[in-house]
Amino acid sequence: MNAPSSSPASDPHAPLRDDVRLLGHLLGDTLRQQVGEALYDKVEAIRKLAKQTRDGDANAGIELNRVLSALEDHELSPVARAFTQFLNLANIAEQYHRVRRRRAWQSLESAAPQHGSTSELFPRLAANGIDAETIWESAQSLDIELVLTAHPTEISRRTLIQKYDDITNSLERLDRLNLTPFERTEELAKLKRDIIAAWHTDEIRHHKPTPVDEAKWGFTAIEQSLWFAVPQFVREFDNSIFQHTGKHLPLTKTPIRFASWMGGDRDGNPNVTHQVTEEVLLLSRWQAADLYWHDIDALRWELSMDVCSPALLTHLAAQGITNSSEPYRDILREVRRRLGRTRDWANARLRKETGVDDSDIYLHAHELMAPLKLCYESLIDSNMEDVANGDLIDIIRRVACFGVELLKLDIRQESARHAEVLNAITTYLNIGSYGEWDEAERRAFLVRELKNPRPLLPKTLKAAPNAPILSANVVESLATFDVLAEHPGEALGAYVISMAQNASDVLAVLLLQKKAGVQKLLRVVPLFETLDDLDRAPSVLEALFSIPEYIDEIHGHQEVMIGYSDSAKDAGFLTANWAQYRAQEALTAVAKKHGIKLTLFHGRGGSVSRGGAPTHQALLAQPPGSVQGSIRVTEQGEMIRFKFGMQGIAIRNLELYATATMEASLLPPPAAKPEWRKLMDQMTQVSVATYRETVRETPDFIRYMRTVTPELELQLLPLGSRPARRNTGGGIESLRAIPWVFAWTQIRLMLPAWLGTGRALNTAIKDGKADLIQEMSHDWPYFHALLDMLEMVLAKADPAIVAYYESHLTKDPALLQLGTELRRRLGSATATLLNVTNRKQLLETAPVLKRSITVRTPYILPLHMLQAELMRRRREVEGSKVYDHALMVTIAGIAAGLRNTG
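Parameters at a glance
- Residues numbered from 1 in each chain as written.
- Predicted model: local features only at pLDDT ≥ 70, side-chain atom pairs only at ≥ 80, totals over all residues.
- Heavy atoms only, no water.
- Helix = DSSP H or I, 4+ residues; strand = E, 2+ residues; numbered from the N terminus.
- Rg over C-alpha atoms; globule rule 2.2 N^0.38 Å.
- Buried < 20%, exposed > 50% of the residue type's maximum accessible area, 1.4 Å probe, protein only.
- Contact = heavy atoms within 4.5 Å.
- Lys, Arg positive; Asp, Glu negative; His and termini not counted.
- Charge placed at Lys NZ, Arg CZ, Asp CG, Glu CD.
- Core = buried A, V, L, I, M, F, W, Y, C linked by side-chain atoms within 4.5 Å.
- Phe/Tyr/Trp six-rings, centres within 6.5 Å; stacked < 30°, edge-to-face > 60°.
- Lys NZ or Arg CZ within 6 Å of the ring centre and 35° of its normal.
- Axes fitted to C-alpha atoms, helices over the stretch in contact; angles between N-to-C directions.
- Parallel < 35°, antiparallel > 145°, perpendicular 65-115°, else oblique.
- Nonpolar A, V, L, I, M, F, W, Y, C, P; charged D, E, K, R; others polar.
- Left-handed = near helix turned anticlockwise from the far one by under 90°.
- Pairing = 2+ DSSP bridges.

J.: Which parts of the structure should I look at to understand the overall build of the protein chain?
T.: Along the protein chain, the regular secondary structure elements total 36 helices and eight strands. Against the compact-globule benchmark of 29 Å for 902 residues, the protein chain has a radius of gyration of 29 Å, which places it among compact chains. Viewed in the frame of its principal axes, the protein chain has a C-alpha envelope of about 85 × 75 × 60 Å. When burial is assessed residue by residue, the protein chain has 59% of its 902 residues classed as buried. Taking the intrachain contacts of the protein chain between residues at least 6 apart in sequence as the baseline, contacts between residues at least 24 apart amount to 81%. Taken as two groups, the 105 positive and 114 negative side-chain charges of the protein chain have centres that lie 2 Å from each other.

This is the structure in structure tokens:
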């Protein structure tokens, strides 16, 4: 398979095109060798026809349709795989090019520093009157936590990801200028071997991953990339801080930490049980101990010197070691031994052994940090600062970031489950039915019990002869709290309550934790998701802060999670986005009024309709005062690998989080003007009415979605451990936000991200608000970011592809009429946005992204057409599974080509 030829050397993106062309040629050679010239020729003919179709040749489109429709069943899968493989290889080249460009920036090949870097931000802060001390204070007090989640949007198998990493490594080695001809030939041979291996590796999982599998996938992201990227990022960040302020970060400070939902998110996922949570917590500790063991083992070889501080000698003497000739090795030998013990302990617990001794293991980060700090301080005292700031400081910073638990595990459960537990308890105690009490009664009961030292529920309840039969949900929920009580508080993060609607929802979890004997209470985080819940959120927080007993428990800090996915599915992109913004403003005001520090936890996904946006832009678009140096953000599904799968890109994304959080805190965006707010209120009323009228009230909408999109076929793809629906019946309301977005993305209608927004903007323009919209776009970062995201998603939409799915999959006049109307609205939304932005074409100011989409079209278009053909054939032969694998490949390929799933 071929790719566009390279541009002149002066073009900074020429190396990317060279890489894409190289990978395309090697893939073409692989196809010739592995599947034969005939199929290779057919793939090439399809690609050329798709390119001609992209360029406007109608006859080529007709011929392309004929060729694809004529493919025999046995040809469908290899043809789909060929185009999918090319898109995956193009992604690899683009990812590596980002690393290449960052290095070019750092090598001062450009006159100006890279946007979003510390080199760009710190001088700008100084130019805005922010002194060096304030910059240092802001940097050293950063509190950013990224929460890895296993939402079912990661298409690629872990096996294939490893092969892709090997291909990336080859591109990096080939980038070196000093390779000998023989070395280059050998590297190219290795690259081809990796591509052949990838071709013969099935890209589709045959079984859904378990929650434990998902957790292991998260550990892999740490082990292969972030374990190395974090200390390198902190090293670069600290160096920049020192250059601009004359001060270093504190030794044990890391601006960014990590948590996880994998194995803890049980909301709507019956596969996440208390046993799963227990297993994941132990696996995480085992993985951390193993990584540290190897670090310490290597460090012992480095620290062979015999000069040390008196404090280190005293420490060794306390261990019975005197006259040590290698004091650092001696102290690290003990560290390594305890890490080995910790690893053995976790392994024994995982094997369900009884009576496992937990003495002499690392349960807390400070236990591991202490000897490392002692070595560091001794090296400094012994005039070996350069040695101290080598591998040792990297390990110290890993401990500061990852602790001894690797990833702090959040727990998420919906509020109704906790109410069910409390109802069972109050019924058993003969004090009434918690489920029938109003909010005031519930709150009064919970506050009384929080102050009551007696147990809430007898431990012998389930064994008591007169005990009621507890439901499986209640038994499981109580068992989960028991598991939390068995583990150190450092291993656990937040307890997130989905569908939180009242103060009692938060108090209930606080009470259940206390009565279970949780060692260090998990902070209880209400998650506000739907439009009504977001509007209600400030009053819930106000109610909580009016309860003295609650204030005593939170120690001046409250965390609140803002949901993006379900709110957008509930009300549409524009209305949900504005509701999220208003909720953040109001929550910030409530916290400020009560003197409580607020951390907002953003439940963002990868797609625009689920809160996805470039990190830097998204953080700078937050309401003023809502960041304050502290933020939590979910990193979901395929975005984990996209942002952190490659070390160089991981460092860049960590830097973007740090600089954007600092800028949002020190140079907050302007507050929304009253006239801006009024117009947003008016536009969102139009938007939500249009969205809900279409999605909920259009008679044929559900039927259209299930006929034209692969929503039902998506259930074939074993993506994640969670069911696609919260319940098996129902319509849109029962469908999870992720497959809802995924289905529309596959056919390129991208409906959740624009439906209602175009009409809202158009209505405002007709009402004479065009100048005000221009002002908002220019002066309000929030609104500017909103329009940018709308433009990106409209650029990825393609009405011609949507029409192809319609023509292939239905002859129903009602569905075809609805499809025509939806495509008309898509065109209208695009025209309106171009009018607002005063541009002739989408992405005029983003040429790199525009070219990426254009270049990919000849490879994505055949996959769309193949997918429609496969859906048609599969539905014609009810119960047939002959097309399932090829269909799943097209789903994976389109997702890879668009760099976006749900």
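J.: Quick question: what am I supposed to make of the nonpolar core here?
T.: For soluble globular proteins, nonpolar side chains are generally found buried alongside one another. Counting 149 residues, the largest nonpolar core has F237, F258, F402 and L422 as the members making the most contacts within it. The leading source of residues in this core is helix α9 (residues 211–245), at 14 residues. Setting aside chain neighbours within four positions, we find F237 in contact with T118, F122, A139, L142, L249, P255, A658 and M662. Residues L89, L751, A764 and I894 belong to the second largest nonpolar core, which totals 119 residues.

J.: How should I be thinking about unusual backbone geometry in this particular structure?
T.: Apart from glycine, the bulk of residues carry a negative phi angle, and the bulk of peptide bonds sit in the trans form. A positive phi angle, close to 55°, is found at N323, a residue other than glycine. Residues other than glycine seldom take positive phi values, yet M499 does so here, at roughly 55°. Position of M499 relative to the elements: it lies in the loop between β4 (492–498) and α18 (503–516).

J.: Whenever I open this one, the packing of aromatic side chains confuses me. Can you help?
T.: We describe a pair of aromatic rings using the distance from one ring centre to the other and the angle between the two ring planes. Taken as a whole and judged by the stated rule, the model has 25 aromatic pairs. Between the aromatic rings of F258 and F644, the centroid separation amounts to 6.3 Å while the plane-to-plane angle is 90°, which identifies the pairing as edge-to-face. Highlighted residues: F258 in strand β2 (residues 256–260) and F644 in helix α24 (residues 638–644), separated in sequence by 386 residues. Take F258 and F644: they sit in the same class, and that class is buried. Pairwise contacts between aromatic rings join W578, Y581, W676, W780, Y782 and F783 into one cluster. The ring of W199 carries R81 above its face, with NZ or CZ at 4.4 Å from the centroid. The cationic tip of R632 hangs over the ring face of F601; the distance from NZ or CZ to the ring centre is 4.5 Å.

J.: Would you explain the packing of helix α31 (residues 770–779) against helix α32 (residues 781–796) in this entry?
T.: Packed helices, taken two at a time, are described by their axes: the angle between them and the distance between them. Two numbers describe how α31 lies on α32: the axes approach to 5 Å, and their chain directions differ by 100°. In terms of their interaxial angle, α31 and α32 are classed as roughly perpendicular. Together, I773, M776, S777 and D779 of α31 and P781, F783, H784 and L787 of α32 make up the contact between the two elements. Here the residues of the contact of α31 with α32 are counted per class, giving five nonpolar, two polar and one charged.

J.: Please clarify how the packing of helix α15 (residues 415–428) against α18 should be interpreted in this entry.
T.: Orientation of α15 relative to α18, taken along the N-to-C sense of each, is 60°, at an axis distance of 10 Å. The angle between the axes of α15 and α18 places the two elements in the oblique class. Between α15 and α18 lies a crossing whose hand is left-handed. Contacts from S415, H418, V421, L422 and I425 in α15 reach D505, A508, V509, L511 and L512 in α18. Within the contact of α15 with α18, the residues separate by chemical class into seven nonpolar, two polar and one charged.

J.: Sorry if this is basic, but what is going on with the pairing of strand β8 (residues 630–636) here?
T.: As a general feature of sheets, a regular strand has side chains that alternate between the two faces. Burial of β8 is extensive: seven of the seven residues sit out of reach of the surface. Of the two faces of β8, the one lined by S630, R632, T634 and Q636 and the one lined by I631, V633 and E635 are each fully buried. Pairing analysis gives seven bridges linking strand β1 (residues 143–149) to β8, with the strands arranged parallel. In the sheet register, V147 faces β8, and the bridge partner there is T634. Where strand β7 (residues 597–603) meets β8, three bridges bridge the pair, whose relative direction is parallel. Considered in β8, the bridge of H602 is made with V633.

J.: In this structure, what is going on with the sheet that holds β8? I would like to understand it.
T.: Two pairing modes exist for strands in a sheet, parallel and antiparallel, and in both the strands are linked by backbone hydrogen bonds. Spatial strand order, β1-β2-β3-β4-β5-β6-β7-β8: eight strands in a closed barrel with parallel pairing. On average, adjacent strands in this sheet sit at an angle of 25° to one another, irrespective of strand direction. Examined bridge by bridge, strand β6 (residues 557–563) and β7 share seven bridges and lie parallel to one another. Paired with I562 across the strands is H602, a residue of β7. Each of β6 and β7 is contacted by helix α22 (residues 573–594), which is oriented at about 160° to β7, the strand it contacts most.

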